Amino acid sequence: MRTISFAIPCYNSASYMERCIDTLLPFGNDVEIIIVDDGSTDDTGKIADHYAEQYPDFVRVIHQENGGHGEAVNTGIKNASGLYFKVVDSDDWIDEQGLAKVLQTLKTLVTDNSAPDMMVCNYIYEKLAEGTRHVINYNNVFPRQQIFGWDDMKRFHPWKYLLMHSLIYKTQLLHECGLKLPKHTFYVDNIVAYQPLPFVKTIYYLDVDLYHYFIGRQDQSVNESVMLKRIDQQLLVTRIMIGCHRLPGSIASKKLSSYMLGYLAIMMTICTVFLRISGTQEDIKKEKELWSFLISCDNGLYRHALIRFLRMVTTLPGNSGNKITVGLYNIARKVYKFN
């Protein structure tokens, strides 16, 4: 069994996918590379097939009708044969030195019969157009070089939440938690970094910079103008995440429960901010419907202090309130290095 199956969702990725794949090739004895050609109309499929022909022992290509990023991830999970599973978007790449340490550590833990449900590593925001990079690490949140559980972690700051880029799950755990992402929907990486967490009992944090997260393409899903056009997809993802958390007592660890509530509060805030930026009557209605949906699902969740505070900030009345909301978003964007 391969140590890690890497799924690479590709849609019209011909101009950049090779950089991503090439960072994984040196580890062919320990990894499985699953390239999912999600209905591409450029040379993505041909490039993928060329890799499979050159490296048939560990590169697989799956061609499918376009189903969006989520369906490509679903296909990767369904076909993964490795003990662990990780998604690498085709415009991102993996640090080779970091991956060498990850594989060595996981193999040692497997040999010692202490393989964790989830490994956490650092990731790097790469803004190539600006020539800047920003590393997100968890060395003040998690203990290092040991197996631990949720109750052993410290408080998360908003700019250090777990993203898909920082996580490596046991493949079997993803099957057990029933992870299935919606088709034709962006921002599903939030679901990947959220829904499986209550099923995770053991964690290992390896303090290495592993995942390079590219920021800067104009058509990128986290570009502000693109997010405004896809706000309905952001709303769908947030509603799915609401369904992953129920109060009281649905999650055994109080620290994990608090973390998930904080993450959900941020998602609610992002949705509210972008609906406010748009400012149409339709989007004002969608904002009210989202908060009503949260109340209908779980009134205790709605009343949680953090969410109540964030809602207070993001529902300030009138034009002045909208300006404050947008201003807070722009400050957060600069401080936390997203978009």
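What counts and how
- Residues numbered from 1 in each chain as written.
- Predicted model: local features only at pLDDT ≥ 70, side-chain atom pairs only at ≥ 80, totals over all residues.
- Heavy atoms only, no water.
- Helix = DSSP H or I, 4+ residues; strand = E, 2+ residues; numbered from the N terminus.
- Buried < 20%, exposed > 50% of the residue type's maximum accessible area, 1.4 Å probe, protein only.
- Contact = heavy atoms within 4.5 Å.
- Areas by Shrake-Rupley, 256 points an atom, 1.4 Å probe, with all protein chains shown as cover.
- Pairing = 2+ DSSP bridges.
- Core = buried A, V, L, I, M, F, W, Y, C linked by side-chain atoms within 4.5 Å.
- 1 Å grid on protein atoms, 1.4 Å probe; cavity = no way out; pocket = protein on both sides within 12 Å on 5 of 7 lines; lining within 4 Å.
- Points joined across faces, edges and corners; volume = space filled by probe spheres on them.
- Nonpolar A, V, L, I, M, F, W, Y, C, P; charged D, E, K, R; others polar.
- Phe/Tyr/Trp six-rings, centres within 6.5 Å; stacked < 30°, edge-to-face > 60°.
- Lys NZ or Arg CZ within 6 Å of the ring centre and 35° of its normal.

**Student:** Lay out the overall build of the chain in plain terms, naming residues and giving numbers.
**Tutor:** Helices and strands together make up the secondary structure of the chain, namely 13 helices and 10 strands. Per-residue burial over the chain gives 54% buried out of 339 residues. For the chain, the share of sequence-separated contacts (at least 6 apart) that also reach a separation of at least 24 residues comes to 77%. For the chain, the exposed surface amounts to about 15,300 Å²; the carbon and sulfur share of it is 51%.

**Student:** Please set out the pairing of strand β7 (residues 132-136) residue by residue, giving values where relevant.
**Tutor:** Judged from the 5 bridges that link them, strand β6 (residues 118-127) and β7 form a sheet pairing that is antiparallel. Of the residues in β7, the one forming a bridge with Lys-127 is Thr-132. The turn joining β6 and β7, which pair antiparallel and follow one another in sequence, is formed by 4 residues; a positive phi near 70° is taken by Gly-131.

**Student:** Report on the environment of Val-200, specifying residues and quantitative values.
**Tutor:** Mapped onto the elements of the fold, Val-200 is located in the loop between α6 (189-192) and β10 (203-214). Since its relative accessible area comes to 0%, Val-200 is described here as buried. Along the backbone, Val-200 and Leu-173 are 27 residues apart, and their C-alpha atoms lie at a distance of 7.7 Å.

**Student:** Please set out the nonpolar core residue by residue, giving values where relevant.
**Tutor:** Nonpolar side chains tend toward joint burial in soluble globular proteins. Judged by nonpolar contacts, the single largest core of 104 residues is most densely connected at Leu-99, Val-102, Tyr-138, Phe-142 and Tyr-259. Per-element accounting of this core gives the leading share, 11 residues, to helix α9 (residues 254-278).

**Student:** Account for empty space enclosed by the protein, naming residues and giving values.
**Tutor:** Going through the model one piece at a time under the given rule, you end up with 1 cavity of 30 Å³ or more. Considered as a void within the structure, the largest cavity measures approximately 50 Å³ in volume. Every residue lining the largest cavity is listed: Val-73, Ile-77, Phe-85, Lys-86, Val-87, Met-164, Leu-167, Tyr-169, Leu-174, Leu-179 and Val-192. Of all elements in the fold, only α3 (68-79), β4 (84-87) and β9 (167-170) reach the threshold of two or more residues within the lining of the largest cavity. With 3 residues, β4 is the largest single contributor of residues to the lining of the largest cavity. For the lining of the largest cavity, a count of residues per class yields 10 nonpolar, no polar and 1 charged.

**Student:** Quick rundown of the environment of Leu-181? Include the residues and the values.
**Tutor:** Locating Leu-181 in the fold gives a position in the loop between α5 (171-176) and α6. The class for Leu-181 is buried, based on a relative accessible area of 4%. Taking the C-alpha atoms as reference points, Leu-181 and Ala-72, separated by 109 residues in sequence, lie 9.1 Å from one another. Look past the residues within four positions of Leu-181 in its chain and what remains in contact with it is Gly-70, Val-73, Asn-74, Val-188, Ile-191 and Val-192.

**Student:** Give me the pairing of β9: which residues, what numbers.
**Tutor:** Of the strand pairs in this sheet, β4 and β9 are connected by 2 bridges, and their pairing is antiparallel. Residue Tyr-84 lies in a different strand from β9, and its bridge partner there is Lys-170. Relative to β9, β6 is paired through 3 bridges, and the arrangement is antiparallel. Opposite Met-118, over in β9, you have Tyr-169 as the bridge partner.

**Student:** I'd like a rundown of the packing of aromatic side chains, residues and numbers included.
**Tutor:** What characterises a pair of aromatic rings is the spacing of the ring centres plus the angle enclosed by the ring planes. Evaluation of the coordinates by the stated rule reveals 16 aromatic pairs. Arranged with centres 5.5 Å apart and planes meeting at 45°, the rings of Tyr-55 and Phe-58 form a pair that is tilted. Given the relative accessible area of 28%, Tyr-55 is considered partly exposed. Relative to Phe-142, the ring of Tyr-138 has its centre 6.0 Å away and its plane inclined at 35°; by these criteria the two rings are tilted. In this pair, the class of Tyr-138 matches that of Phe-142, namely buried. Within the aromatic cluster, the residues linked to one another by ring pairs are Tyr-138, Phe-142, Phe-148, Phe-156, Tyr-161, Tyr-194, Tyr-205, Tyr-259 and Tyr-263. In this arrangement the basic side chain of Arg-19 is found over the ring face of Phe-214, its NZ or CZ atom lying 5.9 Å from the centre. In this arrangement the basic side chain of Arg-230 is found over the ring face of Phe-186, its NZ or CZ atom lying 3.6 Å from the centre.

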